[in-house]
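What the coordinates show
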Amino acid sequence: MNKEFTPRITSFLCKWCSYTGADLAGTSRLQYSTSIIPLQVMCSSRVDPVFLLKAYLSGSDGVLMGGCHPGDCHYETGNYHTRRRFALVKEVFDSLGLESARLKLSWISASEGPKFARVANEYTEEIRKLGENPTRKSIFL
Amino acid sequence: MTEATGTPFVLNTDKGLETSLRGFLRQLLESGNIGALILPLKVPSGDSFAWIMLNDAGMIDDAVPFPATMPVQGAKALRSLTRKERGELTVMALMRPCEIRAGIELSKLGQVNTENLILATYDCAGAVPLQSYVSDPAAAEKNFKEFFITGEPDQNAKPICASCTDFSMVDSDIHFGYFGVREKGMLVIPGTVRGTDLLKKMDLQTASGSELLPVWKAEVEKLTEKRSSVRKIVFKKTEKDISGFTGMLNVFENCIGCHNCQSVCPVCYCRLCYFGSEASRTNPEAMVNEAVKRGGISLPPDRIMFHTGRLAHMSLSCVSCGQCTDACPVSIPVADVFSFVAEQTQHTFEYKAGRNDGKPLPLRDFKKSELPGVHKLVKDAEPGGTSHE
Amino acid sequence: MSSINIEKSAEKGINDLLRHLLGNGKVDAVLAMRMVKSSGAWDLALVTDVKNLAELSPLAPVMTVNASQVLSNLSLSGKKIAAVLKPCELRGFVERVKREQGSLENLITISHTCGGVFPLDLVVEGSVDDLLHKYEKVVATGEIPSNIRDTCKACEHFIPMNADITIAAAGECKPGHGCMIYINSDKAKEALLECTGHHGNDLLDPISLEKLAAARAKEREKLFSSIEKDCSGLDGLVNIFGKCVGCHGCSRVCPICYCTLCDFESANFDYNLPYFEEHLARKGALRLPPDTMLFHMGRLTHMSFSCVGCGMCSDVCPVSIPVAAVFSRTGAKTASIFDYVPGRDVAEEIPVMIFKEEEFPELG
Ligand code: SF4
Ligand code: SF4
Ligand code: SF4
Ligand code: SF4
Ligand code: FES
């Protein structure tokens, strides 16, 4: 794979946990992948499955969903719904033979700065191995 | 036919019409006078075309400037690009005359912004029905070639094309004319000030088309006459088919209410059609009561209401492109009806859909004294109505 | 629960049944397929006068609209209605009721073991009468007619799941058996107390339908594996849906897609110029109107787990995309991860409305 390839990972992070976790990683001066493009959402359940599809079809090499650990959602049950919807979108991808590895769900609490950095780095590596998303260049979408 | 606004140029067609047009488009894009082109490209499965906006000149070779069929009415492509926001990017779209006319109609309806669009048309020999193309592209291409050469849509073309009289230069900025002159060259005719300016800026080092222009015109007129006479015959038949109490019922009796005809129609632009909305939902109790009154009713309800309502809503803007017929899953000749009624309603208001002649949409305008026929109807309806005398 | 046997053909038997229901005021109206005799055109009819029942062909293998769409509104009329539905129409209606698009309360649902329906173009092309004879013969032996919808051939739910009344119309009917009517609810039992025929306690015997079930399973495997081959990966997806003209007919005729204004028609997917410019800068070209693949993938995530495989979408597609085959194949997968069967039980909630605290441990 091309060494120059810098993946772009659209990352939907919930305000109360994952985004705060990402902030903590930053203030703790932990190095994490610049591929992560963070977008703050109030809760992971705010992310309509269509957002994931749109990010994928618009050429994001990876799409990361970050939320509070199950049971810890600020809105109590939001992330349980997120998990179901995520399973659903993944299944749609698998059924169509699309690379569902380009979608990732991770529970990251507000205090897990190091976990955020680790997930960001590992996922970036995974995507780097997968290579560029073919949607980046496809004109008939 | 619209008149040229400047001197036409001639493109060399020794290598065929398509090659010469592609060459022109490439030169235009590379000149920097436009930022992007909208052209048809074959879809990867090879059995249809899609509108592609491109600024990579290398892709022009993949474009099919004269596609054999019309999958998405081009005005819809223009709408999707400019409905929300007009921008500084100048884009030229090469489309069939009925597509550009629909685009102009949509601009009056506030759905397309033509400010930075260059609208280009070409002499249109007709198109093959979408279903024929999809089911056998090779045969459809062969059939298309045949009438593409004569300029006379035959039985393999969409039925509406044979009676279309706006198949050549319309109110586009640039028109490519080749009927009757294709051996000698293709005319590049400016149709607006914008078109004239663009051609001037391009500084084409090609021959002037002043000599070919009258030859082309004569051919277009000849073909127009032919198509006009077909039009008369077709309209007579449609008039007969839909007239009377049961006419519409018979024509639309297979209608399943899918609204495909409306959703592919370029001028039916409403996001939520009234006839699909809550407001138009029949009260269920009233529906059963109605059934009780009649012993039974046909469902889904209001199918004739939908079609006549659509005629009232948009026939003034119908450009007779025939997309509705192509999209109907039960093969109803929707466009025959719409195009016939459109001619009547447009005639009543001395309006022609798709023109850029400064005339406002008829329903946005009125004169204090007009439509004597309506006055007569009103009078007749009054007690002791006078006009019978 | 119980059964009635009428010594007539299934068509005539169901007519007697409807006559009983409407004639004795058990219902106010009957909803069923009808062929307009004068022209051969088909429609769904709501009949309120017993005299007009003879016009109906309730068991005909024709589906002009998935009747569940029409039934949604009708079911709120407060009137009692007997609706004759294909199994997939009934399942579609159950899915709609879960989405608050109708009510089962005032309905007597009548369904039948289903041999499949003809594609619409076959219906409008010629006379269904001619095709019917052959169809009935093939269906009675438990085989699959070659000219029915692709998804019908592949349908495994041809036995109605929760109809008030089930009519035997497909599979190996023993000759001379007449019309078998199976009664599955108290509501139906009460309405049919005085219906003519031999009342008994026979149960619909799926064993006699095993041959059809096996044939269907085989067709399903065949259809799904051909879709798996053709619609795989981004290239496959573009190959299948690349010619879509964006008419959205497939979603309008879908019994599950009930939204008055589909998200994909909404202003959410109108873009400013910079959006288009970004695409031009990145790949030199893009399709107009945009979002063709988004629409289909979006619809798959919105509703595929509830897809009943009726095949309406394929039938109305102006460019002959096998929409229904793709949707029912993906639907089978998305439903199965939630152990969900669309239309099985009205009490079963739509998978995206509920969750379990412990599930999908591999995610997150
Ligand atoms: S009604 Fe039919 S023929 Fe007229 S503009 Fe609409 S799609 Fe074209
Ligand atoms: S496309 Fe055909 S079937 Fe559908 S609503 Fe229009 S006329 Fe009726
Ligand atoms: S019916 Fe066919 S053309 Fe229309 S939106 Fe669906 S797949 Fe596309
Ligand atoms: S695709 Fe989604 S938003 Fe559109 S009608 Fe279907 S369920 Fe509703
Ligand atoms: S607030 Fe974090 S997942 Fe709901």
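This paragraph deals with the domain arrangement of chain C. Residues and elements named next belong to chain C. Along its sequence, chain C is carved into domain 1 (2-209) and domain 2 (214-363). Spacing between the C-alpha centres of domain 1 and domain 2 amounts to 29 Å. Facing the 36 residues of domain 1 at the interface are 32 residues of domain 2. Both faces considered, domain 1 and domain 2 share a buried interface measuring about 2800 Å² in area, 56% of it formed by carbon and sulfur atoms. It is Lys98, Arg99 and Thr151 that lose the most area in domain 1 upon contact with domain 2, and together they represent 23% of the buried surface on that side. At the junction of domain 1 with domain 2, the criterion picks out two salt bridges. The residue arginine 220 makes a salt bridge to glutamate 156 at a minimum N-O spacing of 3.4 Å. Among the secondary structure elements, those contributing two or more residues to the side of domain 1 that touches domain 2 are α2 (67-74), α3 (87-98) and α6 (150-153). Broken down by element, the side of domain 1 that touches domain 2 gets its largest block of residues, eight residues, from α3. Of the residues belonging to the side of domain 1 that touches domain 2, the class tally is 16 nonpolar, eleven polar and nine charged.

Here we take up the nonpolar core. Among the nonpolar cores identified, the biggest contains 247 residues, and B:Phe24, B:Ile38, B:Met53, B:Leu54, B:Phe176, C:Leu46 and C:Leu74 are the most heavily contacted of them. The residues contacting B:Met53, other than those within four sequence positions of it, are B:Ala36, B:Leu37, B:Ile38, B:Leu81, B:Val91, C:Phe276, C:Leu280, C:Gly284, C:Ala285, C:Leu286 and C:Leu288. Counting 29 residues, the second largest nonpolar core, distinct from the first, contains C:Leu17, C:Leu53, C:Ile165 and C:Leu192.

Inspection of the region around ligand 2 gives 14 residues, with B:Cys255, B:Cys258, B:His259, B:Cys261 and B:Cys328 positioned closest. The set of elements that each furnish at least two residues to the shell around ligand 2 consists of α9 (260-264) and α11 (303-314) of chain B.

The next thing to look at is the environment of B:Phe338. Residue and element names in this part refer to chain B. When you line up the elements, phenylalanine 338 lands in helix α13 (residues 334-348). Residue classification places phenylalanine 338 among the buried residues on the basis of a relative accessible area of 1%. Note: C-alpha distance between phenylalanine 338 and methionine 314 (24 residues apart in sequence) is 9.2 Å. When near neighbours in sequence (up to four residues on either side) are disregarded, phenylalanine 338 contacts Phe252, His307, Arg310, Leu311, Met314 and Cys318.

In this section: the interface of chain B and chain C. Listed as interface residues are 64 residues of chain B and, on the opposing side, 61 residues of chain C. Three residues stand out in chain B for area buried against chain C, namely B:Met53, B:Arg271 and B:Leu299, and they jointly supply 13% of the buried area on that side. Where chain B touches chain C, the interface holds three salt bridges. Note that C:Asp270 is salt-bridged to B:Arg271, the shortest N-O span being 2.5 Å. Taken together, the links from chain B to chain C amount to 30 residue pairs in polar contact (both at pLDDT 80 or more).

Another point: the sheet that holds strand β3 (residues 62-67) of chain A. The pairing of strands in a sheet comes from backbone hydrogen bonds and takes either a parallel or an antiparallel form. Residue and element names in this part refer to chain A. Across the sheet, four strands lie side by side as β2-β1-β3-β4; this open sheet has parallel pairing. Each edge of the open sheet carries a strand with a single partner, namely β2 (36-41) and β4 (103-107). Within the sheet, the average angular offset between the axes of one strand and its neighbour, ignoring direction, is 20°. When strand β1 (residues 9-14) meets β2, the two strands line up parallel, connected through six bridges. Within the sheet, the bridge partner assigned to threonine 10 lies in β2 and is isoleucine 37. Relative to β4, helix α3 (residues 78-95) is tilted by about 160°, and along the sheet it contacts β3 and β4.

Before going further, it helps to spend a moment on a nonpolar patch on the surface. Taken together, the side chains of A:Trp16, A:Met42 and A:Tyr75 make up a nonpolar region of the molecular surface, amounting to roughly 280 Å² of accessible area. Looking at where A:Trp16 falls in the secondary structure, it is placed in the loop between β1 and α1 (18-27).

Turning our eyes to something else, we now look at the site of ligand 4. Residues in contact with ligand 4, as listed here, are C:Cys257, C:Cys259, C:Cys262, C:Asp263, C:Phe264, C:Arg299 and C:His302. Looking at the shell around ligand 4 residue by residue, the class counts come to four nonpolar, one polar and two charged.

Let us now look at the confidence of the model for chain C. Overall, the predicted model of chain C reaches an average pLDDT of 94, with 99% of residues at or above 70. Taken together, the chains of this predicted complex give a pTM of 0.96 and an interface ipTM of 0.96.

Let us look at the pattern of salt bridges. Oppositely charged side chains can form a pair if their charged atoms are brought close together. The full count for this structure, using the stated rule, is 38 salt bridges over all chains. With a closest N to O distance of 3.0 Å, A:Arg84 and C:Glu359 form a salt bridge. Of the two residues, A:Arg84 is situated in helix α3 and C:Glu359 in the segment after α14 (323-337); the pairing between them involves two chains. A relative accessible area of 13% places C:Glu359 in the buried class. B:Glu18 serves as the salt-bridge partner of B:Arg22, at 3.3 Å between the closest nitrogen and oxygen.

Let's shift gears to the interface of chain C and chain A. Every contact between the two is made by 44 residues of chain C and, on the other side, 37 residues of chain A. Here chain C packs against chain A, burying approximately 3700 Å² in sum over the two surfaces, 67% of which is carbon and sulfur. Applying the counting rule to chain C against chain A returns two salt bridges. Counting across the chain C and chain A interface gives 21 residue pairs in polar contact (both at pLDDT 80 or more). Listed by contribution, the elements that provide at least two residues to the side of chain C that touches chain A are α9 (233-241), α11 (273-283), β9 (285-288), α12 (292-303) and α14 of chain C. For the side of chain C that touches chain A, the element with the highest residue contribution is α12(C), accounting for eight residues. Of the residues assigned to the side of chain C that touches chain A, the class counts are 25 nonpolar, nine polar and ten charged.

What follows deals with helix α3 (residues 97-108) of chain B. Residue and element names in this part refer to chain B. Its twelve residues place the ends of α3 17 Å apart at the C-alpha level, agreeing with the 16 Å of an ideal helix rising 1.5 Å per residue. Burial in α3 covers these residues: Pro97, Cys98, Glu99, Ile100, Arg101, Ala102, Gly103, Ile104, Glu105, Leu106 and Lys108. In this structure, the buried side of α3 is in contact with β3 (49-54), α2 (74-82), β4 (91-95) and β5 (117-122). One or two residues past the end of α3 sits glycine 110, with phi positive at roughly 75°.

Here we have eight strands laid out as an open sheet, ordered β1(B)-β7(B)-β6(B)-β5(B)-β4(B)-β2(B)-β3(B)-β9(C), and mixed in their pairing. Because the sheet does not close on itself, it has two edges, and the strands there are β1 (9-11) of chain B together with β9 of chain C. For this sheet the average axis-to-axis angle between neighbouring strands, irrespective of direction, equals 30°. Along the sheet, helix α7 (residues 212-242) of chain B makes contact with β1, β6 (174-177) and β7 (186-190) of chain B, crossing β7(B) at roughly 95°.

It is worth spelling out the pairing of strand β2 (residues 36-42) of chain B at this point. Residues and elements named next belong to chain B. Counting buried residues along β2, six of its seven residues qualify, which places the element largely inside the surrounding structure. Pairing of β2 with β4, which is carried by three bridges, proceeds in the parallel orientation. Bridge pairing in β4 places leucine 37 opposite methionine 92. Pairing of β2 with β3, which is carried by six bridges, proceeds in the antiparallel orientation.

Conventions adopted
- Residues numbered from 1 in each chain as written.
- Chains lettered and ligands numbered in written order.
- Predicted model: local features only at pLDDT ≥ 70, side-chain atom pairs only at ≥ 80, totals over all residues.
- Heavy atoms only, no water.
- Domains from an automatic or database assignment.
- Contact = heavy atoms within 4.5 Å.
- Buried area = accessible area lost by both parts, 1.4 Å probe.
- Salt bridge = Lys/Arg side-chain N within 4 Å of Asp/Glu carboxyl O.
- Helix = DSSP H or I, 4+ residues; strand = E, 2+ residues; numbered from the N terminus.
- Nonpolar A, V, L, I, M, F, W, Y, C, P; charged D, E, K, R; others polar.
- Core = buried A, V, L, I, M, F, W, Y, C linked by side-chain atoms within 4.5 Å.
- Buried < 20%, exposed > 50% of the residue type's maximum accessible area, 1.4 Å probe, protein only.
- Near = heavy atom within 4 Å.
- Polar contact = N/O pair within 3.5 Å; in protein donor to acceptor, adjacent residues only side chain to side chain.
- Pairing = 2+ DSSP bridges.
- Axes fitted to C-alpha atoms, helices over the stretch in contact; angles between N-to-C directions.
- Patch = residues over 30% accessible without salt bridge, like charges linked within 9 Å, V, L, I, M, F, W, Y side chains within 5 Å.
- Areas by Shrake-Rupley, 256 points an atom, 1.4 Å probe, with all protein chains shown as cover.
- pLDDT = per-residue confidence, 0-100.
- Expected span 1.5 Å × (residues − 1).

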